[in-house]
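So the chains spell out like this:
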Amino acid sequence: MKKYVGYFRVSTLEQGKSGLGLESQKSMVENYIENNKGILIDSFTEIETGTSKRKRTEIYKAIDFAKKNNAVLVIAKIDRLARNVYFVSSLMETGVEFVACDLPQATNFTIHLYAALAEMEAKLISERTKNALAEKKKRGHKLGTPENLTKEAKKKGLQVIKQKAINNKANIQATALIVEYREKGLSFDKIAKKLNDLNFGTANGKLHNSTSVLRLHKRFLKTEKEKNM
């Protein structure tokens, strides 16, 4: 029976106390282990506050425990771990096997690529946002949320932001797989079928086809070009 060590992470102290987000992560990990006929020998939970995001301690305890017990480090979602290229590289160097429940077919190459894409995407979004705000300010626009904005409008705006974030994560995951499949010589048609089989839809919630796969691959190549400029 394969041994697993769980790692969970919540972003705020409030979430840690209430269990919001944590319970769903635990459920995903438990289901994955059960489906793979394994056993959870221990788990570690990271509760981060706005001032301690860079001071993760539980992840290193989890890695060390998994290594000593020849166990697999399992996380619920890949974005809980693979957001920093340096960290992912360091994790791979330890030799600890790890898996993400939402992307179990990912290889070390995929996860490393995902981290690089996520890191680059975050930087590009930050730069675009700063440039856009600076341009608006230069044109005399008043920045900030209008006081007369209704609760319904604010809620709708928040939902749009959340959905964009979800779509962005899905695109990054899909792109990582596309690049890996292309490395293996698969055609865009075959890659589209694989993505659909894995329930990876497009940003509009539709099935992938060769055109959508080609678009994401071109976007990746463009991002790589911008990174190396």
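If you're wondering where the values come from, they're calculated on a predicted model, not measured in any experiment. (Residues numbered from 1 in each chain as written. Predicted model: local features only at pLDDT ≥ 70, side-chain atom pairs only at ≥ 80, totals over all residues. Heavy atoms only, no water.)

Peer 1: Before we go on, may I ask you to explain the nonpolar core in this structure?
Peer 2: Soluble globular proteins: nonpolar side chains tend toward being buried together. Judged by nonpolar contacts, the single largest core of 40 residues is most densely connected at Val5, Ile63, Leu73, Ile191, Leu195 and Val213. A per-element tally of this core places helix 6 (residues 151-183) first, with seven residues. Core analysis: the second largest hydrophobic core is formed by twelve residues, Tyr32, Ile33, Val72 and Ala76 among them. (Core = buried A, V, L, I, M, F, W, Y, C linked by side-chain atoms within 4.5 Å. Buried < 20%, exposed > 50% of the residue type's maximum accessible area, 1.4 Å probe, protein only. Helix = DSSP H or I, 4+ residues; strand = E, 2+ residues; numbered from the N terminus.)

Peer 1: Explanation requested: the sheet that holds strand 4 (residues 98-100) in the structure shown.
Peer 2: Two strands in a sheet stick together by hydrogen bonds in their backbones, pointing the same way (parallel) or opposite ways (antiparallel). Spatial strand order, 2-1-3-4: four strands in an open sheet with parallel pairing. Sheet topology places strand 2 (39-47) and strand 4 at the edges, where each strand pairs with a single neighbour. Taking each pair of neighbouring strands and ignoring which way they run, the sheet shows an average axis angle of 25°. The sheet contact formed by strand 3 (residues 72-75) and strand 4 spans three bridges and is parallel. Bridge pairing links Leu73 to Phe98 in strand 4. Its contacts with the sheet put helix 2 (residues 22-35) on strand 1 (3-10), strand 2, strand 3 and strand 4, and the angle it makes with strand 1 is roughly 160°. (Pairing = 2+ DSSP bridges. Axes fitted to C-alpha atoms, helices over the stretch in contact; angles between N-to-C directions. Contact = heavy atoms within 4.5 Å.)

Peer 1: I tried to follow the pairing of strand 3 on my own but got confused; where do I start?
Peer 2: On a regular strand, each side chain points to the face opposite its neighbour's, so the side chains alternate between the two faces of the sheet. Of the two faces of strand 3, the one carrying Val72 and Val74 and the one carrying Leu73 and Ile75 are both buried. Pairing geometry for strand 1 and strand 3, over four bridges, is parallel. For Val5, the partnering residue across the bridge sits in strand 3 and is Leu73.

Peer 1: Hey, could you run me through the environment of Phe44 in this one?
Peer 2: Secondary-structure assignment places Phe44 in strand 2. The class of Phe44 is buried, set by a relative accessible area of 11%.

Peer 1: What's the story with the packing of aromatic side chains in this structure? I'm lost.
Peer 2: In this description, an aromatic ring pair is defined by two values, namely the gap between the centres and the angle between the planes. Tallied over the full model, the rule gives two aromatic pairs. A centroid spacing of 6.0 Å and a plane angle of 90° characterise the contact between Tyr4 and Tyr32, whose relative ring orientation is edge-to-face. Here Tyr32 lies in helix 2 and Tyr4 lies in strand 1, a separation of 28 residues in the sequence. Overall, Tyr4 belongs to the buried group, its relative accessible area being 4%. Against the face of Phe188 rests Arg182, its NZ or CZ located 4.1 Å from the ring centre. (Phe/Tyr/Trp six-rings, centres within 6.5 Å; stacked < 30°, edge-to-face > 60°. Lys NZ or Arg CZ within 6 Å of the ring centre and 35° of its normal.)

Peer 1: Can you walk me through the pairing of strand 1 in this structure?
Peer 2: Extensive coverage of strand 1 is indicated by the burial of seven of its eight residues. Relative to strand 2, strand 1 runs parallel, the two sharing eight bridges. Note on strand 2: the bridge partner recorded for Gly6 is Ser43.

Peer 1: Explain helix 2 to me, please; I cannot follow it from the model alone.
Peer 2: Since one α-helical turn is 3.6 residues long, residues separated by three or four positions face the same way. Under the 1.5 Å per step criterion, the end-to-end length of helix 2 is 20 Å for 14 residues, consistent within 8% with the ideal 20 Å. Turning to helix 2, the residues buried within the fold contact strand 1, strand 2, strand 3 and strand 4. (Expected span 1.5 Å × (residues − 1).)

Peer 1: What is the right way to read the side chain of Glu58 from this model?
Peer 2: Here Glu58 lies in helix 3 (residues 58-68). When its relative accessible area of 18% is taken as the criterion, Glu58 is described as buried. Look past the residues within four positions of Glu58 in its chain and what remains in contact with it is Tyr7, Phe44, Thr45 and Glu46.

Peer 1: Help me out: how do you make sense of unusual backbone geometry in this one?
Peer 2: Backbone geometry at Lys37 places phi at a positive 55°, although glycine is not the residue there. Position of Lys37 relative to the elements: it lies in the loop between helix 2 and strand 2. Phi is positive for Asn70, which is not a glycine, with a value near 50°. Within the secondary structure, Asn70 is located in the loop between helix 3 and strand 3.

Peer 1: I'm lost on the pattern of salt bridges in this one. Help?
Peer 2: Two side chains bearing opposite charge may form a pair once their charged atoms approach each other closely. This structure, assessed with the given rule, holds five salt bridges. Here Lys184 ties to Glu180 by a salt bridge, and the two come within 3.7 Å at their closest N and O atoms. Note that Asp197 and Lys193 form a salt bridge whose closest N and O atoms lie 3.2 Å from each other. In this pair, Asp197 and Lys193 both sit in helix 7 (residues 188-197), four residues apart, roughly one turn of the helix. Accessibility assignment for this pair places Asp197 and Lys193 in one class, exposed. (Salt bridge = Lys/Arg side-chain N within 4 Å of Asp/Glu carboxyl O.)

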